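Read off the chains here:
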Amino acid sequence: LILPNPPVTKCPPTGNDWQLEREIAAGLEIMRKVVRKRLVARDLDADKVIMSEALTLLARMSGGVMRELIRSFRDAATFTQLLDRMQIDQEIAQKAIHRRRQELGPRLTLTHRDALKLILRQGMLSGGQQEATEDELLRNLHLLSYQDTGNAWFDAHPNVLPLL
């Protein structure tokens, strides 16, 4: 059984409105809880390790993908140590997110970008000739799938959206 990604945002609008800001969904709190529980398990106070706004930003930009959240948190913690600071703040969280975006950008071809825009406009996969590209986008986490209240939907990874 594959567990779905917890939606950190609500299903985006389709058509030309796919570029609008995404609304926050309940899955965001699930992601925040995971980080807090992992810190508590190490006898750390989450509020002393990471500012609430920074945690929210990392959780939102994970797209609901747990390993993306953990990776971003780890990168933010590394930046915090390198800057000789005691707490992950919004600036450091942004640095971790920006670093990940820099890794994603060069791997997004024009074909990928066009396929993502088409999926976002239509609100669904196209299949057919696009199937191989769509499958690649899903495997590379450029495109994320969600399920909530019986509906399945897709959205671009939050860190990929600015690249479109």
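The coordinates are above.
Q: Could you give an account of the pairing of strand β1 (residues 143-148), with specific residues and numbers?
A: Here 6 bridges tie β1 to strand β2 (residues 151-156), and the two strands are oriented antiparallel to one another. The residue bridging L143 from the neighbouring strand is A156, located in β2. Between β1 and β2, which pair antiparallel one after the other, the connecting turn spans 2 residues, and T149 there sits at a positive phi close to 40°.

Q: A description of helix α7 (residues 131-139) should follow, citing residues and the corresponding values.
A: Along α7, the residues classified as buried are T133, E134 and L137. Projected down its long axis, α7 shows its buried positions confined to an angular sector of 100°, all on one face. Away from its buried face by more than 90 degrees, α7 exposes E131, A132 and R139. The inward-facing, buried residues of α7 abut α6 (110-122) and β1. Positive backbone phi, approximately 65°, marks L141, located one or two places after α7.

Q: Now, about helix α4 (residues 66-82): what can you tell me, with residues and values included?
A: In an α-helix, one full turn covers 3.6 residues, which means residues spaced three or four apart are oriented alike. The first and last C-alpha atoms of α4 sit 24 Å apart over 17 residues, in line with the 24 Å expected at 1.5 Å per residue. By the burial criterion, the buried members of α4 are E68, L69, S72, F73, D75, A76, F79 and T80. On an axial view of α4, the arc spanned by its buried residues comes to 165°, and they lie on one face. Every exposed residue of α4 that faces more than 90 degrees away from the buried side is listed here: R67, R74, Q81 and L82. Buried-residue contacts for α4 involve α1 (27-41), α2 (46-49), α3 (52-61) and α5 (90-104). D84 sits one or two positions beyond α4 and adopts a positive phi of about 55°.

Q: Kindly report on the nonpolar core, identifying the contributing residues and their values.
A: One finds I50, L58, F73 and I88 to be the most contacted residues of the largest nonpolar core, which totals 22 residues. If you list the elements that add at least two residues to this core, you get α1, α3, α4 and α5. Considering each element in turn, this core owes the most residues, 6 residues, to α3. One finds W18, L104, L116 and L143 within the second-largest nonpolar core, a separate group that totals 11 residues.

Q: Account for the packing of α1 against α4, naming residues and giving values.
A: As a packed pair, α1 and α4 sit with axes 11 Å apart at the nearest point and diverge in direction by 55°. With respect to α4, the element α1 is oriented oblique. Between α1 and α4 lies a crossing whose hand is right-handed. Across from M31, V34, V35, R38 and L39 in α1, the residues of α4 making contact are M66, L69, I70 and F73. Grouping the constituent residues of the contact of α1 with α4 by class yields 8 nonpolar, no polar and 1 charged.

Q: Please give an account of unusual backbone geometry that cites residues and values.
A: Negative phi values dominate among residues other than glycine, just as trans dominates among peptide bonds. Phi angles above zero are rare outside glycine, and D43 is one such case at about 60°. With respect to the secondary-structure elements, D43 resides in the loop between α1 and α2. Unlike most non-glycine residues, L141 shows phi in positive territory, near 65°. Its place among the elements puts L141 in the loop between α7 and β1.

Q: Give me the lowdown on the environment of L69, citing residues and values where you can.
A: Relative to the assigned elements, L69 resides in helix α4. Sequence separation between L69 and A59 is 10 residues; the distance between their C-alpha atoms is 6.0 Å. What L69 contacts, discounting residues up to four positions off in sequence, is M31, V35, L58, A59 and S62.

About the cut-offs
- Residues numbered from 1 in each chain as written.
- Predicted model: local features only at pLDDT ≥ 70, side-chain atom pairs only at ≥ 80, totals over all residues.
- Heavy atoms only, no water.
- Pairing = 2+ DSSP bridges.
- Helix = DSSP H or I, 4+ residues; strand = E, 2+ residues; numbered from the N terminus.
- Buried < 20%, exposed > 50% of the residue type's maximum accessible area, 1.4 Å probe, protein only.
- Arc of directions from axis to C-beta.
- Contact = heavy atoms within 4.5 Å.
- Expected span 1.5 Å × (residues − 1).
- Core = buried A, V, L, I, M, F, W, Y, C linked by side-chain atoms within 4.5 Å.
- Axes fitted to C-alpha atoms, helices over the stretch in contact; angles between N-to-C directions.
- Parallel < 35°, antiparallel > 145°, perpendicular 65-115°, else oblique.
- Left-handed = near helix turned anticlockwise from the far one by under 90°.
- Nonpolar A, V, L, I, M, F, W, Y, C, P; charged D, E, K, R; others polar.

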